[in-house]
Amino acid sequence: MMTAFFVGRPAEVAISKRAAQSALKSDLSQASTQLGMYRVDNGLYPLTNDVDVNGGSYVLKRSPGTKLEYTSTDGTNYLMTASSDQAQSSYCMDSTNGSIADGACSGQVGYTSSSGSVSFVSETTSDSNASGNSDLISINKPAGVVAGDLLIANVQNWDQNNRGSEINTPSGWTVVASSIHSESYQPNLVQAVFYRFVTAGDPSSWSWTVSGSSTSNWMSGGISAYRNVDTSTPFDVPVSTSVNRYSVDNGFTYNWVGIKTITNGAMVVALGSDTGASASSVTDPTGFTRRYQAGNVDSWDKVQSNAGTVSISSNSTANQYDAVWTTAVVALRPKGATPSASLGADIGYVGQTYKDGGSGATSVAINKPAGLASGNLLIANIQSWSSSSNTITVTPPSGWSTAAGPVRSGVSGNYIVHYVFYKVAASEPSSWTFTLSSGGWLTGVVSAYSNVNTTTPLDVGAATATCTSADNGLYFPITKIAITPTSTKTLLVALGSDSGSNPANIDSGGNMAALGWTARYGASTANISGWDKQLVWPGSVDRFNDAMGYYNTIYDGNTSSSQYVCTMIVLALRPA
């Protein structure tokens, strides 16, 4: 009997929750009928403050434990949300269509965990410039914290001479976001964000150091403490970051990338970092409360009552030429709260096949990747090299569309043309044949991705760039590419093409891997290469948010005296 009790208990809880959810819908329907009768008698629905759930005298009937929220600004229509702890859910009644939808109505709170809302406790800051240049900064523990509080550290280094500095992670802290770089002629900025939960044995302060820096550093930082954050899933969704590097001498606008919460009551924390403007000159984003300003770092927060998109905008009134700045936004999930939505699944990589057609080829047949399924997106990265012509064209097989091309780069005796084609897989042959208008050296890779939108697989148009180099090797043209995805959970796909090089040498310093990019091919394929990186948030991605390496660190390493050329094509794939 004991065993049967414990085995059956989860099912009983699920049944009880479903019954409570049904009760909420029934309460909404009954209240809607009651409000309809009120309108027949009075000509209009009751206004917001006339209903008892908002302090008024008109009583809406409901089951014990049901919380109702009612809004009507002019009596012609209303919104009404029903929620309860037992149901752990919210439902919305919209009088304009009479339907009941999942989640709270717009502008209403709905269900939040009874364990409490996230709240700000206190903050502490430090600015190394007060005592001269330093590659170390110590920040005290905020006052009034207790075990279980969450600490968020926002740390910045402004290195006037070196573009490659990184902020190290102190023992006991975990990285939320790192290597957020922005640089200009002298202002070379890196921002990093860390977190930890307070424990009884915590020290009174923590120190952050810088590696790869010069001796001309200005470090700033702040720690903010929050209470009632979920200890198992403190961050409601992944961090949102942005990089900005454009300004004139009459101030600038912080370009934030927004964030979309999936849990009601999440605390959104916006963290800024800049050079050339004191933090006090940066205006507060609408609806946010500033928590600190120290040197050139800032922090604001706001509670996002209903899960959904949060837009952020602020600017600086400082007069500073050539300033740069970075931002990071996190959303803290309330303790014990259950998400009411989902961001959806990542786009997945299935695999690829490669074919080198060799010198003088007029066509190349590329086999179908293993594991390919109907609905996968196929991407063909095709390059032709010629010593005499830059007018060669590539024709794809039937059913393929052009994403980009021809993209051409060349010098005397050394020419390449680069195409990228795509199609949604259906009933596919064992191989596809791509043809040239005249003979050349033809190579290609076909890659497959899952969970891509089959109607609009490309979120925006492709971004392209070209380059040439002399006898000191080849730099890929990463600093010339900008692409602006519009959808949540897009995947960036970077496709390289070059002449006379070994793709194994490209990114030999590992910058792309260290900053989130995954190399898909190149080490064993002549003259073409491919990487991808999962993005979460829509917004401007300039120089891939520096993720492909800053200061031209993606280097081929070929030191032959011949001249080399290259091209780059970048796609943003839209998720299903």
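Coordinates for the structure precede this section.
So, a few notes on the structure that sits alongside this text. (Residues numbered from 1 in each chain as written. Predicted model: local features only at pLDDT ≥ 70, side-chain atom pairs only at ≥ 80, totals over all residues. Heavy atoms only, no water.)

### Describing the environment of Arg333
Thought 1: The residue Arg333 is located in the loop between strand 21 (325-332) and strand 22 (348-367) in this model.
Thought 2: Beyond its immediate chain neighbours, meaning those up to four positions away, Arg333 contacts Val118, Asn228, Val229, Asp230, Thr233, Pro234, Asp236, Ile262, Thr263 and Pro339. (Helix = DSSP H or I, 4+ residues; strand = E, 2+ residues; numbered from the N terminus. Contact = heavy atoms within 4.5 Å.)

### Some remarks on the state of the cysteines
Thought 1: Taken as a whole, this structure holds 1 disulfide when the rule is applied.
Thought 2: Here Cys92 engages in a disulfide with Cys105; their sulfurs sit 1.9 Å apart. With the S-S bond torsion at 105°, the cross-link from Cys92 to Cys105 turns out right-handed. Separated by 13 residues along the polypeptide, Cys92 in strand 3 (residues 89-94) and Cys105 in the loop between strand 4 (99-102) and strand 5 (119-127) bring together distant segments of the chain. When sorted by exposure, Cys92 lands in the same class as Cys105, which is buried. (Disulfide = S-S within 2.5 Å. Buried < 20%, exposed > 50% of the residue type's maximum accessible area, 1.4 Å probe, protein only.)

### Brief notes about the layout of surface pockets
Thought 1: By volume, the second largest pocket is sized at about 280 Å³.
Thought 2: Forming the walls of the second largest pocket are 16 residues, and the residues nearest its centre are Ser90, Gly103, Ala104, Asn264 and Ser340.
Thought 3: Of all the elements, strand 3 adds the most residues to the lining of the second largest pocket, at 3 residues.
Thought 4: For the lining of the second largest pocket, the class distribution of residues is 6 nonpolar, 9 polar and 1 charged. (1 Å grid on protein atoms, 1.4 Å probe; cavity = no way out; pocket = protein on both sides within 12 Å on 5 of 7 lines; lining within 4 Å. Points joined across faces, edges and corners; volume = space filled by probe spheres on them. Nonpolar A, V, L, I, M, F, W, Y, C, P; charged D, E, K, R; others polar.)

### Points about the sheet that holds strand 16 (residues 266-274)
In any sheet, the strands associate via hydrogen bonds between backbone groups, in a parallel or an antiparallel arrangement.
Thought 1: Judged by pairing direction, the sheet is antiparallel, and its 5 strands sit side by side in the order 13-21-16-18-17 without closing on themselves. Unpaired on one side and paired on the other, strand 13 (240-244) and strand 17 (289-294) mark the two borders of the sheet. In this sheet, neighbouring strand axes are inclined to one another by 15° on average, regardless of whether the strands run parallel or antiparallel. (Pairing = 2+ DSSP bridges. Axes fitted to C-alpha atoms, helices over the stretch in contact; angles between N-to-C directions.)

### Some words on the side chain of Arg333
Thought 1: Judged by relative accessible area, which is 10%, Arg333 ranks as buried.
Thought 2: Among the polar contacts made by the side chain of Arg333, one reaches the side chain of Asp236 at a distance of 2.9 Å. (Polar contact = N/O pair within 3.5 Å; in protein donor to acceptor, adjacent residues only side chain to side chain.)

### Digging into the pattern of salt bridges
Thought 1: In the structure shown here, the tally under the stated rule is 11 salt bridges.
Thought 2: Asp298 is the partner of Arg290 in a salt bridge, and the nearest nitrogen-oxygen pair spans 3.6 Å.
Thought 3: Looking at Asp298, the relative accessible area reads 0%, which means it is buried.
Thought 4: Of the charged contacts, one joins Arg291 and Asp301 as a salt bridge, the two residues approaching to 2.8 Å between their closest N and O atoms. Of the two residues, Arg291 sits in strand 17 while Asp301 sits in strand 18 (residues 297-304), which places them 10 residues apart along the sequence.
Thought 5: Taking the relative accessible area as the measure of exposure, Asp301 reaches 3% and is therefore buried.
Thought 6: Taken together, the shared-partner salt bridges connect Asp284, Arg290 and Asp298 into one network. (Salt bridge = Lys/Arg side-chain N within 4 Å of Asp/Glu carboxyl O.)

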